[in-house]
Amino acid sequence: PIVLGIYEELWRANARVRIPDTVLWKQGQISAWFFTSSSSGNGDGPELKRKKSTTLRRHDVTAKIVEAFTKGFAGGEHEAVARYIGGKSPGGPASVVHLTKAGLLDFLQGKAAAEAKRHGVLQRWFPPSGENAYGVRCTWSS
């Protein structure tokens, strides 16, 4: 299952973490966009920020996401620029899809199957800095 609340919790806690641009989907709609600023301005290092909800409702939000996710991208047309992890429901099984620039645009314009982006996380893709890539998976209970 995908737990989207972790991003909100990190943001509320003013966590000093670096994450790629991350767009959250809930019930088939963009619900939040988180990103890391280069500096908090007070010397504490990077700051996790969230785009305003008015930004998410703008008619050009698709273009803004594509621009942010492909900024500085020098790869070819067949290389990934984003990764989507999601499924039909919050507690259900999830799949992982890597998207090229064209695939990202198709995905954002609704050409992907609607159930594929019902609930999940779209993240800007960064190639591994070494020989291997890794992901972090967290599990917790209350």
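Note that the structure is predicted; figures quoted are calculated from it, not measured.

### Some details on the nonpolar core
Next up, step 1: Core analysis: the biggest nonpolar cluster contains 17 residues, and Ile-65, Phe-69, Leu-104, Leu-108 and Leu-122 have the highest contact counts within it.
Next up, step 2: Secondary structure elements with two or more residues in this core: strand 1 (22–26), helix 3 (61–70), strand 4 (82–87) and helix 4 (101–108).
Next up, step 3: Counting residues per element, this core draws most heavily on helix 3, at five residues.
Next up, step 4: In terms of nonpolar packing, the next biggest core, distinct from the first, is built from nine residues, Tyr-7, Leu-24, Leu-48 and Val-121 among them.

### Digging into the packing of aromatic side chains
Next up, step 1: According to the stated counting rule, one finds four aromatic pairs in the structure shown.
Next up, step 2: Note on Trp-25 and Tyr-84: the rings are 6.1 Å apart at their centroids and 90° apart in plane angle, and the pair reads as edge-to-face. Highlighted residues: Trp-25 in strand 1 and Tyr-84 in strand 4, separated in sequence by 59 residues.
Next up, step 3: With relative accessibility at 3%, the residue Trp-25 sits in the buried group.

### A few points about helix 3
Next up, step 1: Buried within helix 3 we find Val-61, Ile-65, Val-66, Ala-68, Phe-69 and Thr-70.
Next up, step 2: Where helix 3 is buried, its residues touch strand 1, strand 2 (29–37), helix 2 (53–56), strand 4, helix 4 and strand 6 (119–124).
Next up, step 3: Among the residues trailing helix 3, Gly-72 stands out with phi positive, at a value near 75°.

### Examining the sheet that holds strand 1
Next up, step 1: In spatial order, the strands read 3-2-1-6-4-5; together these six strands make up an open sheet with antiparallel pairing. Sheet topology places strand 3 (47–50) and strand 5 (95–99) at the edges, where each strand pairs with a single neighbour. Between one strand axis and the next, the sheet turns by 20° as a mean value, whatever way the strands run.
Next up, step 2: Against the sheet, helix 3 contacts strand 1, strand 2, strand 4 and strand 6, and its axis sits at roughly 50° relative to strand 6.
Next up, step 3: Contacting strand 1, strand 4, strand 5 and strand 6, helix 4 crosses the sheet at an angle of about 120° to strand 5.

### Re the pairing of strand 6
Next up, step 1: Buried residues dominate strand 6, accounting for six of its six residues.
Next up, step 2: Burial of strand 6 is two-sided: the residues His-119, Val-121 and Gln-123 facing one way and the residues Gly-120, Leu-122 and Arg-124 facing the other way are all buried.
Next up, step 3: Pairing between strand 1 and strand 6: four bridges, direction antiparallel. By the bridge assignment for strand 6, Val-23 is matched with Leu-122.
Next up, step 4: Of the strand pairs in this sheet, strand 4 and strand 6 are connected by six bridges, and their pairing is antiparallel. By the bridge assignment for strand 6, Arg-83 is matched with Gln-123.

Reading guide: rules and limits
Residues numbered from 1 in each chain as written. Predicted model: local features only at pLDDT ≥ 70, side-chain atom pairs only at ≥ 80, totals over all residues. Heavy atoms only, no water. Core = buried A, V, L, I, M, F, W, Y, C linked by side-chain atoms within 4.5 Å. Buried < 20%, exposed > 50% of the residue type's maximum accessible area, 1.4 Å probe, protein only. Helix = DSSP H or I, 4+ residues; strand = E, 2+ residues; numbered from the N terminus. Phe/Tyr/Trp six-rings, centres within 6.5 Å; stacked < 30°, edge-to-face > 60°. Contact = heavy atoms within 4.5 Å. Pairing = 2+ DSSP bridges. Axes fitted to C-alpha atoms, helices over the stretch in contact; angles between N-to-C directions.

Everything listed is a geometric property; what it means functionally is a separate question.
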